[in-house]
Structure formats: C-alpha cells, structure tokens
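Okay, here's what each chain looks like letter by letter:
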Amino acid sequence: MRIHTVCVTGFRNLQDGEHELFPGVNILFGDNAQGKTNFLEAVYVCSTGRSQRGSADREMINHDLSESRVRVETDDSTLIDIHLQRGGKKSVAINHLPTKRLGDLFGNLLTVSFSPEDLRIIKQGPKERRRFMDMELCQLSRIYYSELLSYYRALRQRNNLLRQIKQERAERATLFIWNSQLATHGAKIFARRKEFCELLNNIAGRLHAAITNHNESLQVIYKPDAAPNDVEERLNANTERDITRVSTSVGIHRDDIEFIVNDTNCRVYGSQGQQRTAALSAKLAEMEIIKQTKNKNPILLLDDVLSELDINRQRYLLDSISGSQVIMTLTGMEDIKRFAPADARIMAVKQGSIT
Ligand SMILES: Nc1ncnc2c1ncn2[C@@H]1O[C@H](COP(=O)(O)OP(=O)(O)O)[C@@H](O)[C@H]1O
Ligand SMILES: [Mg+2]
C-alpha cells in the first residue's frame, strides 16, 4: 500500500498544500518545531481517525482557524477525507462518500507509527500497552473497534450509575444490566486480544532473537484482568467497593501485556536498552501481523526513532522496512548522510512549509 498524495488545509502549523509522496522512502527534514511530526500526524489521522500523540481533535486545527482538512489518496485510488471542526464533530468521507461511523475508516489506510514513545511502551503504564493492542486490532478488524466502543460506552454508563447510587439517586438493582453488558462485550475483546498476543509472541519472539543475535529471548504474554467467565460474578461481588470508589474494578479496561526477556519481566528488571529492543521487536511484529493478515504492506511513519537506537538496531530497522513506503523525520545533515537511501525523496520542512 502506498500514499500517492497528502493534501492538508488548516492543519496545525502546516501551510495549505498538496504533497506528492514517493513510493519508497520519504524524508521530512528540518529543525525542531517546524512541522515534521504534524505532517505524520495528518497521515495518521487519515488512518485511524486520531492523533498518534493522543492530541484532541481541536488541537490539530490551526490556532487561528476554525476547521482543518486532510485528504490522502492511495495508489489503489482510495480517497480519504477528514474534516475537523472546532466545537463540532469530525467527519470522514471515503471515496467522496461520507461515513456515519468512524470505524469505517479503519483498514483503508494501514499504517504503523514508530515514535520514541512507542519505544517506551514497556516502561510506560498498562494504558499505553492497551492502546498499542487496540490501535493494531482496530486496523485489523472494524468489529473489534465497534466492540471496544460498546464496551467503553457501557463502562461510562456503569460508572455514572455508581456515582448516582453513591449519591442515593439510583438503585443498586439496576447495576446488573451494565455488569452483563461489560461481560458480553469484554469477552469478545478478550478473545481478540488473546489471539493477537499469541501472534505477537511468536513473531516478536523470533524478531527479538534475530536482533540480539540469539543472545536474548522475548516472550509476550497477555495479562487479562479477569477470565471472561468470571467478570460478571466479580463485578457483582465488588459492588460495594465500586460504589465507594465510583469506579469499575474488573474488566478488559484493566488488561495488560507482559514482556519477558530472558525469563524476567522486562518492565521491572530490563535495562533501558533491553526495553527498547523488546519494544522495537513488538513494533516490527505489529507491521508483520498487518502484512500477514491484510496481505498489504502498511505505510511506516518513523518519527525521530533512529536516533533512539544503537547502530545495530538502526540497521535492523532500516532493513526491515525496505519494500514498504516510509515517511520519516530526520533533523541533522549527518542523519541524512547516514540514513537516507540514495533514492529517497527529501522534503524540507520549515515553519510549516514543505518543499
Ligand atoms: N494547532 C496549532 N496551530 C498552529 N501551530 C501549531 C499548532 N499545534 C502545533 N503548532 C506548531 O507546530 C510546531 C511543532 O510542530 P512539530 O511537527 O511537532 O515539530 P517537529 O518538526 O519538531 O516535529 C510548533 O511550532 C507549534 O507551535
Ligand atoms: Mg517532531
């Protein structure tokens, strides 16, 4: 899969314009704070409907404007249009047809984004690791996305109800409806996550061994908060505690993934280098899983990651991504000499203008 053109209007500090991309490696080159990450974000929004940095929609609209648009056209003539409005809902059109659900976006533009934050997924909290799973699974399956939406909707409603019960404005008896909904949607999410982690374990394990010259082993283990069959019972049992804390104590919103390097928990005992290597293996595995499942090469968005890796890891990453379309950021002239393939397209980014 390749992006043919990216057209941005009113997006952060980027100047309005249409940019044709090269099928191979595209380099966004420039000093800090010029708009390189913003450009990657524009592409990522067309892939997943949201920012890879976790920014709110309104933050992606230029400060002085009330709306922004991004349009991406791929080589298979898919046209994705995203329209963000200050104070309004975001709208999405695929091939000029407006979509009702954001979930319809997933799978049209497959991307894998690598940032320094991604290389810290092992060190960070479980929320980041769940996000890692979810963003991948959403790209692989729109059903997964709709299950997630339903689950989180039920979770919000249950938490609202807990608050009302605490304030004696609602009855305990109504909680069971949400407990059962959380169990039903949660079980479907559980099954997908379990399958994904098993795949990740196989592929990332193999990649990690190769990257470390077989000096290290990596296992990726899904750590669900509860077995699906126990969820409802445990929610019922925790009723009083949940009301006191106004929060839901059991469910897939508390799942985690464990990374085991050489038989120890990498999050707790791994060196920074080991944690980055394990994260790199997981990200490369993510790319591989998309390739296998969708039969298409995802587009790779590399934001300042090369500088975070040692020379061997840099080599490995650059070798692994050949054959895919890549959009990557680089800052110094030195980096261009070191990392840019001879046939790369270099785009200079300065104060939001890309040339
Ligand atoms: N909503 C916005 N409107 C206008 N400018 C913005 C907006 N959001 C961020 N910026 C500007 O974008 C620049 C940062 O761009 P970024 O792509 O993160 O830089 P880098 O080239 O280092 O990756 C900063 O100058 C910031 O002020
Ligand atoms: Mg940046």
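Preceding this paragraph is the structure being described.
Values in this document were obtained by computation on a predicted structure and should not be read as measured data.

Caption draft 1: Looking closely at the overall build of the chain. When helices and strands are counted, the chain shows 10 helices and 15 strands. Dimensions of the chain, computed from the C-alpha atoms along their principal axes, are close to 65 × 55 × 35 Å. In the chain, which comprises 355 residues, the share counted as buried stands at 41%. Of the contacts made within the chain by residues no fewer than 6 positions apart, 71% connect residues no fewer than 24 positions apart.

Caption draft 2: Here's a closer look at the sheet that holds strand E9 (residues 218-223). Read from one edge of the open sheet, 3 strands run E9-E10-E11, paired in antiparallel fashion. Strand pairing shows two members of the sheet lacking a second neighbour, E9 and strand E11 (264-265), which therefore form its edges. The pairing of strand E10 (residues 256-261) with E11 spans 2 bridges and is classified as antiparallel. Opposite Ile260, over in E11, you have Asn265 as the bridge partner. Each of E9 and E10 touches helix H4 (residues 175-211); the most contacted strand, E9, lies at about 170 degrees to it.

Caption draft 3: Local environment of the site of ligand 1. Among the 15 residues in the neighbourhood of ligand 1, the closest are listed as Arg12, Asn13, Lys36, Thr37 and Asn38. Here the element with the most residues in the shell around ligand 1 is helix H1 (residues 36-48); it accounts for 3 residues. Classifying every residue of the shell around ligand 1 gives 3 nonpolar, 9 polar and 3 charged.

Caption draft 4: Structural view of unusual backbone geometry. One non-glycine residue, Asp263, lies in positive phi territory at about 70 degrees. Within the fold, Asp263 resides in the loop between E10 and E11. Classification of Asp263 by C-beta neighbours within 10 Å gives exposed; the count is 8. A positive phi angle is found at Asp304, which is not glycine, with a value near 55 degrees. Looking at the element boundaries, Asp304 is found in the loop between strand E12 (299-302) and helix H9 (311-321).

Caption draft 5: Looking closely at the nonpolar core. The biggest cluster of nonpolar side chains holds 94 residues, and the ones touching the most others in it are Ala42, Val43 and Leu301. Of the residues forming this core, the biggest block, 12 residues, is contributed by H4. Mapped onto the domain boundaries, this core takes at least three residues apiece from domain 1 (1-110 + 296-355) and domain 2 (116-295). Discounting chain neighbours no more than four positions away, the residues touching Val43 are Ile3, Val6, Val72, Thr111, Leu301 and Ile327.

Caption draft 6: The arrangement of the sheet that holds strand E4 (residues 67-74) in detail. Strands sit in the order E2-E1-E4-E5-E6-E7 across an open sheet of 6 strands; the sheet is antiparallel. Because the sheet does not close on itself, it has two edges, and the strands there are strand E2 (17-20) and strand E7 (97-98). The sheet strands contacting H1 are strand E1 (3-9), E4 and strand E5 (79-85), and the helix crosses E4 at an angle near 75 degrees.

Each value, and the rule that gives it
Residues numbered from 1 in each chain as written. Chains lettered and ligands numbered in written order. Predicted model: local features only at pLDDT ≥ 70, side-chain atom pairs only at ≥ 80, totals over all residues. Helix = DSSP H or I, 4+ residues; strand = E, 2+ residues; numbered from the N terminus. Buried ≥ 20, exposed ≤ 12 C-beta atoms within 10 Å, placed from the backbone. Contact = placed C-beta atoms within 7 Å. Pairing = 2+ DSSP bridges. Axes fitted to C-alpha atoms, helices over the stretch in contact; angles between N-to-C directions. Near = placed C-beta within 6 Å. Nonpolar A, V, L, I, M, F, W, Y, C, P; charged D, E, K, R; others polar. Core = buried A, V, L, I, M, F, W, Y, C linked by C-beta atoms within 7 Å. Domains from an automatic or database assignment.

Such coordinate-based values are descriptive only and should not be taken to indicate function.
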